[in-house]
Amino acid sequence: MTDTLERLKKMLNVEILEVEYQGDTIVVYVPEDQVRMAVGTGGAAVKAAELVLGRKIEVRAR
């Protein structure tokens, strides 16, 4: 799973505080002021990461 974490850090380009794996979904916790950057315009960053990793991704503020 550390490979997945490293790939997420590169793709989302934000500080990742914590990652939870819930079935086929990866829940990524980022600082509150970086949520918009992690999601990207229209969700583009998250959608691209989902395609690469093959799992649904949720970004949450912490």
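Residues numbered from 1 in each chain as written. Predicted model: local features only at pLDDT ≥ 70, side-chain atom pairs only at ≥ 80, totals over all residues. Heavy atoms only, no water.

The name given to the protein in an unreviewed UniProt entry is Transcription elongation factor NusA, and the organism recorded there is Thermococcus guaymasensis DSM 11113.

(A) Local environment of the pattern of salt bridges. In this structure the tally under the stated criterion is two salt bridges. Between Arg-62 and Glu-18 there is a salt bridge, and its shortest N-O distance comes to 2.1 Å. Of this pair, Arg-62 sits in the segment after strand E3 (56–61) while Glu-18 sits in strand E1 (residues 18–22), placing them 44 residues apart in sequence. Looking at Arg-62, the relative accessible area reads 49%, which means it is partly exposed. Under the relative-accessibility criterion, Glu-18 is labelled partly exposed at 31%. As a salt-bridge pair, Arg-60 and Glu-58 come within 2.7 Å of each other at their nearest N and O atoms. According to the relative accessible area criterion, Arg-60 is partly exposed, its value standing at 33%. Glu-58 sits in the partly exposed class, given a relative accessible area of 26%. (Salt bridge = Lys/Arg side-chain N within 4 Å of Asp/Glu carboxyl O. Helix = DSSP H or I, 4+ residues; strand = E, 2+ residues; numbered from the N terminus. Buried < 20%, exposed > 50% of the residue type's maximum accessible area, 1.4 Å probe, protein only.)

(B) The arrangement of the packing of aromatic side chains in detail. On inspection of all chains with the given rule, the structure shows zero aromatic pairs. Cation over ring: Arg-62 sits above Tyr-29, and NZ or CZ is 4.0 Å from the ring centre. (Phe/Tyr/Trp six-rings, centres within 6.5 Å; stacked < 30°, edge-to-face > 60°. Lys NZ or Arg CZ within 6 Å of the ring centre and 35° of its normal.)

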